[in-house]
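# Fold and contact review
Residue-level listing of the chains:
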Amino acid sequence: MSDTRRLVDAHHHVWDLDHRPQPWLDEPGHESIRRTFGTAGLRSAATRPIAGRQLDCTVVVQCVTSVSETRELLALAERDPLIGAVVGWADLASPAIAAVLDELRAGPGGAYLRAVRHLVQGEVDPEWLQRPSVERGLRAVGERGLAYDVLVRSHQFAQAVRLAERFPGLPLVLDHAGKPPIASGELKLWETELRQLAAHPQVRCKVSGLVTEADHRRWTIEDIRPVWDILLSTFGADRLMFGSDWPVCVLAGGWNQWAATVEELLADCSAAETSAILTRTATRLYRLNSPALKAP
């Protein structure tokens, strides 16, 4: 399918609470998503096209710090034609990280492992990404042709910038635009630090997870637009990629409401810019055409 017709969701999750607990769902406010979500649910939820494109390929992303979960996501990618890539987890600080990555890639669905992520947003060490053991792990990631998804909050940008400085050859993807404080509207510091990170050309950014940083019940497109404008001017369309953050986005409206918002935000973009954000950036970064997209 050509880039003019494809829609890639570069960031979503699945979980089965009967099989693997998700402790973070026990936090107040998560009641509406405290249940099992699989790819069948995503297909049912994602019915709205964006710019005439219907969802046909996704990147599924880890939720918990579990190699077993990553194995399950890779096996799911092998059998489900919707999933084109997996962002998994492995212990970057472990001396065995290289062997673990090799084992994952050799196992069922291993060819779909395209990136690794750690929940840095939950780490209290302001230099976690600069720990020697973690940097050793990141080198192992890069040596295997994998990317690294950066999950930080706005107050953690400094270590993400140092990561980009120290690993210029490692493709980096900023998840959820660094979680800008949309609800408060205090975007100045976030913008300053975002631009410092974006100055490194190996960094891409996901336009995802924004609605859950806004007021879940009362957000409007005008709350999102300032962030969108900053992202577009900072990264350019060729370094941005659409992501839904489903099913977390259900907390603030769901897949179709976010899709409608993105389509409206794209109104002033050219066809080439639209194609980059909705398809091309993610396809290139996560190599979604290799292995070839699976037939349903």
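Computed from a predicted model, the values in this text were never measured in an experiment.

Counting buried positions along strand β3 (residues 83–88) yields six of six residues, so the element is predominantly enclosed. Bridge count between strand β2 (residues 54–61) and β3: four bridges; the pairing is parallel. What sits directly across from valine 59, in β3, is alanine 85. Strand direction decides the pairing type here: β3 and strand β4 (residues 113–118), joined by three bridges, are parallel. The partner of valine 86 across the bridge, within β4, is leucine 113. In this view, the connection linking β3 to its parallel neighbour β4 by way of helix α3 (residues 97–106) has right-handed handedness.

What follows deals with the packing of helix α2 (residues 67–79) against α3. Interaxial distance between α2 and α3 falls to 10 Å at its minimum, and their mutual angle equals 25°. With respect to their mutual orientation, α2 and α3 come out roughly parallel. Handedness of the α2/α3 crossing: right-handed. Residue-level inspection shows Val67, Thr70, Arg71 and Leu74 of α2 in contact with α3, the latter providing Val100, Glu103 and Leu104. Here the residues of the contact of α2 with α3 sort into four nonpolar, one polar and two charged.

Right, let's talk about helix α5 (residues 157–166) for a bit. Since the α-helix advances by 3.6 residues per turn, residues separated by three or four positions end up pointing in the same direction. Three or more residues of α5 are buried, namely Phe157, Gln159, Ala160, Val161, Leu163 and Ala164. Looking at the buried positions of α5, the neighbouring elements they touch are α4 (132–143), β5 (147–150), β6 (172–174), α6 (188–198) and β7 (203–207).

Turning to the side chain of serine 208, a few remarks are in order. Among the structural elements, serine 208 can be located in the loop between β7 and α7 (221–235). In this structure the side chain of serine 208 is engaged in a polar contact, spanning 2.8 Å, whose partner is the side chain of histidine 176. Excluding residues within four positions of it along the chain, serine 208 makes contact with His11, His176, Ala177, Gly243 and Ser244.

Conventions we followed
- Residues numbered from 1 in each chain as written.
- Predicted model: local features only at pLDDT ≥ 70, side-chain atom pairs only at ≥ 80, totals over all residues.
- Heavy atoms only, no water.
- Buried < 20%, exposed > 50% of the residue type's maximum accessible area, 1.4 Å probe, protein only.
- Helix = DSSP H or I, 4+ residues; strand = E, 2+ residues; numbered from the N terminus.
- Pairing = 2+ DSSP bridges.
- Right-handed = clockwise from strand over helix to strand, strands pointing away.
- Axes fitted to C-alpha atoms, helices over the stretch in contact; angles between N-to-C directions.
- Parallel < 35°, antiparallel > 145°, perpendicular 65-115°, else oblique.
- Left-handed = near helix turned anticlockwise from the far one by under 90°.
- Contact = heavy atoms within 4.5 Å.
- Nonpolar A, V, L, I, M, F, W, Y, C, P; charged D, E, K, R; others polar.
- Polar contact = N/O pair within 3.5 Å; in protein donor to acceptor, adjacent residues only side chain to side chain.

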